[in-house]
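Coordinate analysis (summary)
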Amino acid sequence: MMLRRQREITEVANGVFRLGSRHVNWYVVVDGGSITVVDTGLPRYWPQLTHLLSAIGRSLSDIEAVLLTHAHPDHLGNAERLAKVGGAAVMIHEEDAPAAMRQVRIPPPRVSLWRPSILAFSLHGIRNGLLRWPTVASPNAIGSGTHLDIPGRPMAIHTPGHTVGSTCFAFEDRDAIMVGDALFNKNPDTGREDPIVSSAHFSADHHAAVTSLLQIEGLAHRTVLFGHGEPSNRGIQTVVRQARTHIDSA
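What counts as what
Residues numbered from 1 in each chain as written. Predicted model: local features only at pLDDT ≥ 70, side-chain atom pairs only at ≥ 80, totals over all residues. Heavy atoms only, no water. Core = buried A, V, L, I, M, F, W, Y, C linked by side-chain atoms within 4.5 Å. Buried < 20%, exposed > 50% of the residue type's maximum accessible area, 1.4 Å probe, protein only. Helix = DSSP H or I, 4+ residues; strand = E, 2+ residues; numbered from the N terminus. Lys, Arg positive; Asp, Glu negative; His and termini not counted. Salt bridge = Lys/Arg side-chain N within 4 Å of Asp/Glu carboxyl O. Polar contact = N/O pair within 3.5 Å; in protein donor to acceptor, adjacent residues only side chain to side chain. Contact = heavy atoms within 4.5 Å. Arc of directions from axis to C-beta. Pairing = 2+ DSSP bridges. Axes fitted to C-alpha atoms, helices over the stretch in contact; angles between N-to-C directions. Phe/Tyr/Trp six-rings, centres within 6.5 Å; stacked < 30°, edge-to-face > 60°. Lys NZ or Arg CZ within 6 Å of the ring centre and 35° of its normal. Expected span 1.5 Å × (residues − 1).

**Details of the nonpolar core**
In this structure, Val28, Val37, Leu49, Ile63 and Val66 are the most contacted members of the largest nonpolar core, which totals 30 residues. Put simply, the parts of the chain that give this core at least two residues each are strand E2 (16-20), strand E3 (25-31), strand E4 (34-38), helix H1 (46-55), strand E5 (63-68), helix H3 (79-86), strand E6 (89-93) and helix H4 (97-100). Looking at this core element by element, the count peaks at four residues for H1. Ranked by size, the runner-up nonpolar core spans 20 residues in total, among them Val210, Leu213, Val240 and Ile247.

What follows is the structure in structure tokens.
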């Protein structure tokens with residue numbers, strides 16, 4: 001029942017599969033016989049992963065790494081389960097590792113739950129385990145600016161603002177960049193589909209979120225994959241430029 005509103009799994013770049021729902025995205029990167037999962041959705045999204053693995057002839061033991069763009073529960077939902085069941089290494093920026101382990105508390109968004117888009121997301125999240133995600137026991141803390149030696153060889157790019165450890169992952173050979181919640185392609189306040197930087201309501205530091213755009217706007221990756229909202233094939237430079245036009249209203 002909980003999976004009825006979740007989308008069909010789609011290949012959004014070469015060997016990159018998008019899972020999730022109309023509210024939350026997570027991704028699987030296949031590199032030969034090995035896999036990296038980027039973000040892990042909500043706990044009840046787990047069957048999506050097992051369905052995909054079966055369809056492509058892979059198993060949980062093929063998942064070598066789990067990359068987390070930041071330490072919010074809608075991105076951490078299955079991280080610890082993947083570590084325990086499949087033995088995957090869970091990786092997150094060193095600034096967000098304490099929050100993933102719940103050593104520090106990330107404050108909730110400063111928004112009205114009665115906004116239709118916020119209420120819809122909240123209800124969907126609760127139904128799919130948002131309030132019951134497990135602590136990540138032993139994450140591997142990563143820095144920024146180096147290629148990670150895991151399937152897909154992504155570059156980690158620290159983009160603080162949404163959280164202090166918010167990180168984008170650029171996959172050079174896939175011509176794709178996963179921006180987590182550094183950028184949304186669906187305005188969480190209004191539900192409108194448009195590139196937008198994480199607003200003050202959803203950011204630990206909105207000024208830092210805007211400044212962090214400098215870290216990614218000069219890149220050339222064509223496919224932009226978001227934590228929330230539809231993928232874009234217009235290129236990261238165009239997406240950032242469009243997001244900047246909405247900053248004054250964020």
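Having seen the structure, we can now continue with the description.
**Remarks on the side chain of aspartate 96**
Inspection of the secondary structure puts aspartate 96 in the loop between E6 and H4. The side chain of aspartate 96 is buried and forms no salt bridge, while arginine 102, the nearest opposite charge, is found at 13 Å. At 2.7 Å, the side chain of aspartate 96 forms a polar contact with the side chain of threonine 163. Beyond its immediate sequence surroundings of up to four residues, aspartate 96 is in contact with His70, Ala71, Thr163, Val164, Gly165 and Ser166.

**What about helix H7 (residues 236-244)?**
What sets the pattern is the α-helix's 3.6 residues per turn: residues three or four places apart point alike. All of the buried residues along H7 are Ile236, Val239, Val240 and Ala243. Mapping the buried residues of H7 onto a view down its axis gives an arc of 95 degrees, with all of them on the same face. Elements in contact with the buried residues of H7: strand E10 (176-180), strand E11 (183-184), strand E12 (196-197) and strand E13 (223-226).

**A few points about the sheet that holds E2**
Here we have seven strands laid out as an open sheet, ordered E1-E2-E3-E4-E5-E6-E7, and mixed in their pairing. One side of each edge strand has no neighbouring strand; the edge strands of this open sheet are strand E1 (10-13) and strand E7 (140-142). Adjacent strand axes in the sheet meet at a mean angle of 30 degrees, parallel and antiparallel pairs treated alike. Bridge count for E4 against E5 is four bridges, and the pairing is parallel. When the sheet's bridge partners are listed, valine 38 is paired in E5 with leucine 67. Of the strands in this sheet, E2, E3, E4 and E5 touch H1, which is tilted by about 150 degrees from E2. Relative to E5, H3 is tilted by about 165 degrees, and along the sheet it contacts E4, E5 and E6.

**Points about the pattern of salt bridges**
In total, this model carries six salt bridges according to the counting rule given. Among the salt bridges present, the one from arginine 174 reaches aspartate 31, with a minimum N-O distance of 4.0 Å. Taken together, the residues arginine 174 in the loop between strand E9 (167-171) and E10 and aspartate 31 in strand E3 connect sequence positions 143 residues apart. On the accessibility criterion, aspartate 31 (32% relative accessible area) is partly exposed. Close ionic contact of aspartate 194 with arginine 192 constitutes a salt bridge, the shortest N to O distance being 3.4 Å. Taking relative accessible area as the criterion, arginine 192 reaches 55% and is therefore assigned exposed. Each member of the salt-bridge network shares a partner with another, and the members are Asp31, Asp173 and Arg174.

**Brief notes about the packing of aromatic side chains**
Overall, the coordinates contain one aromatic pair when judged by the stated rule. Between the aromatic rings of phenylalanine 184 and phenylalanine 202, the centroid separation amounts to 6.3 Å while the plane-to-plane angle is 55 degrees, which identifies the pairing as tilted. With phenylalanine 184 in strand E11 and phenylalanine 202 in the loop between E12 and helix H6 (206-211), this pair connects stretches of sequence that are 18 residues apart. Overall, the relative accessible area of 4% leaves phenylalanine 184 in the buried class. On the basis of relative accessible area, phenylalanine 202 is assigned to the buried category, the value being 14%. Seen from the ring of tryptophan 46, arginine 81 lies directly overhead, with NZ or CZ sitting 4.0 Å from the centre.

**Quick look at helix H5 (residues 116-127)**
In a regular helix each residue adds 1.5 Å, so 12 residues correspond to 16 Å; H5 covers 17 Å between its end C-alpha atoms and thus fits that length. Restricting attention to buried positions, one finds in H5 the residues Ser117, Ile118, Ser122, His124 and Gly125. Across the axial projection of H5, the buried residues extend over an arc of 165 degrees, all falling on one side. One or two positions beyond H5, positive phi appears at glycine 129, with a value near 95 degrees.

**As for the environment of leucine 213**
In this structure, leucine 213 sits in the loop between H6 and E13. Residues leucine 213 and serine 232 lie 19 residues apart in sequence; the distance between their C-alpha atoms is 17 Å. Other than its neighbours up to four places away in sequence, leucine 213 contacts Leu183, Val197, Val240, Arg244 and Ile247.

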